[in-house]
Amino acid sequence: MRRRLAVPLILLVLGASLAAALYFAVRLGLDRRDNALIASITAGHDLATDPADPAALLFARLHFLATRDRLDEAQPLVQQIAAAGDRSVAVAAFYDLANARLRAAIAHLEANRIDPAIPLVRLAKEGYRRALTLDPGFWDAKYNLDIAMRLVRDFPQLDTEGEEIPPEAAKRLWTDLPGVPKGLP
Amino acid sequence: MRTRLAAALLLATLATPPAQAQVRSVELYAPRPFGYVIGDAIALTVEIALDPPFVLDAASLPRPRALDYWLDLREARLTDHGVSAGTHRYTLDLVYQTLYAPLEPKRLAIPGLALAATDGGRRVAIDVPAWSFLSSPLREIVSTGAGAPMALRPDIEPRPIATAGALRGLVASTLAALAALALLAWRMGWGPFGRRQRRPFAGASRTVRAALHASSSSAYRAALLALHRAFDATAGKRVLAEDLPAFFEAHPAFRATETEVCRLFDASRRAFFGEDAAGAQGELPAPDLVALARRLRAIERGTA
């Protein structure tokens, strides 16, 4: 009886392994194509992405936009990457976008434009928090969040639900800025 | 590295016996109380022992949420160990995350929890004590190092998708498919396996089927001859009708077909020595010959 079963069993194994080979071949092809797109975006080509694309490709696009100060276009990509479910890519996406916002805020502050800087710092802090929620051991996010925290401190009454920034927050900003006004006349 | 902080609460329990007699003990196990920086996760464990029939009120458990502007409760997981030795034990695992950015080491407190136990009618409060830890800064207050004071840590660069896993899977599944195909070919006697000396009936069966497509007497003879050659090859010497008992002795697997094989040898005696091809075909018609060849092949393969 066992010997009779052998041929159908072999056919089953053959079919299953052929199906697996086909699956892996298709996946390998798709991954290779996406890697070519990632390389192209990293090289500086302005290629649009689709929400259904894999997280790594969306992240390459986000990095491209964030490093070119196109923050408004980058924001929806973060949500798409977070929804894709790849934790390490989601952490990197929150972190890179927060970095871009913090860099923009510091540039505003160095030019003495305080008002546009504050919301950027607050959004950057939120991004770092989201990254740390997903990965509590992410030291670069801790460090940059610490920088953002000293630019605009958290206030107990502010972070409960308040959307409006009390005027003293803006006034206190400079007292919390330990190193920025370098060499003002 | 875990500290036991239950003493104070146990004292409180003893001081007010009527109100909390049903709560046997509440113990808080905590990690080191110092050296936490912004973003660190802190795992606390609360061990609760109740007197039956009291059970922990699930509605009083904390839900993961922001407790303060700097403190989040990330996870609250209750494990019910059931009643053993007259005590109902629970373990409550709590994971907090501190988001406080101190300028110097600062003591921060995780507030206690007010849980409740119930036996259906009465309610008893269970107080989990507060816990405090030292939070440390990451950076100096005024930068004294070289370089810009607010230099950010660098971005994470985009990385390509890892293809090694898919490649390994492709290689492994292709090898598996090839192995299965080879095994199948060996089983069925295809390709190079069909010509092996050890499978003469496989070849003979093919010859018989091919020869009997043409329903002439010479084709019938060719088919008979092919089967005879297969018997010869299997036995390693010429097999005549008289040698059949010895053949079945040496190859007992073929004994199942003894009657048909005897008919085959009778038919071939008629066909070759009696010059009576029609009689031979009456003795063993062509379809029976094909069926016999198949059976012999199956026996030889071991799948009969």
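Quick caveat, the model's predicted, so the values are computed rather than measured.

A. Focus on the side chain of Q97 of chain B. Within the fold, Q97 of chain B resides in strand β7 (residues 87–98). A distance of 2.9 Å separates a polar atom in the side chain of Q97 of chain B from the backbone oxygen of L132 of chain A. Within the structure, Q97 of chain B has its side chain in polar contact with the side chain of R74 of chain B (distance 2.6 Å). Among all residues touching Q97 of chain B, those that are not within four sequence positions of it are L132, T133 and P136 of chain A together with G39, D40, A41, W70, L71, D72 and R74 of chain B.

B. Spotlight on the interface of chain A and chain B. Listed as interface residues are 60 residues of chain A and, on the opposing side, 50 residues of chain B. Roughly 5000 Å² is buried in total at the junction of chain A and chain B, and carbon and sulfur atoms are behind 66% of that figure. Where chain A touches chain B, the interface holds four salt bridges. Across the pair D140 of chain A and R153 of chain B runs a salt bridge whose closest N-O atoms are separated by 2.8 Å.

C. Structural context of the environment of H213 of chain B. All names here are of chain B. Locating H213 in the fold gives a position in the loop between α4 (200–211) and α5 (217–235). A residue is classified by how much of its surface remains accessible, and H213, at 72% relative accessible area, is exposed. Taking the C-alpha atoms as reference points, H213 and A286, separated by 73 residues in sequence, lie 9.7 Å from one another.

D. Here's a closer look at unusual backbone geometry. Residue P53 of chain B is bonded to the preceding P52 of chain B through a cis peptide linkage, with omega at 5 degrees. In this fold, P53 of chain B is placed in the loop between β3 (41–50) and β4 (55–56). Its identity is not glycine, yet D69 of chain A carries a phi of approximately 60 degrees, on the positive side. Following the sequence through the fold, D69 of chain A ends up in the loop between α2 (55–66) and α3 (71–84). With relative accessibility at 60%, the residue D69 of chain A sits in the exposed group. Phi at N112 of chain A takes a positive value of approximately 65 degrees, unusual for a residue other than glycine. With respect to the helices and strands, N112 of chain A occurs in the loop between α4 (87–110) and α5 (117–134).

Definitions and limits used
- Residues numbered from 1 in each chain as written.
- Chains lettered and ligands numbered in written order.
- Predicted model: local features only at pLDDT ≥ 70, side-chain atom pairs only at ≥ 80, totals over all residues.
- Heavy atoms only, no water.
- Helix = DSSP H or I, 4+ residues; strand = E, 2+ residues; numbered from the N terminus.
- Polar contact = N/O pair within 3.5 Å; in protein donor to acceptor, adjacent residues only side chain to side chain.
- Contact = heavy atoms within 4.5 Å.
- Buried area = accessible area lost by both parts, 1.4 Å probe.
- Salt bridge = Lys/Arg side-chain N within 4 Å of Asp/Glu carboxyl O.
- Buried < 20%, exposed > 50% of the residue type's maximum accessible area, 1.4 Å probe, protein only.

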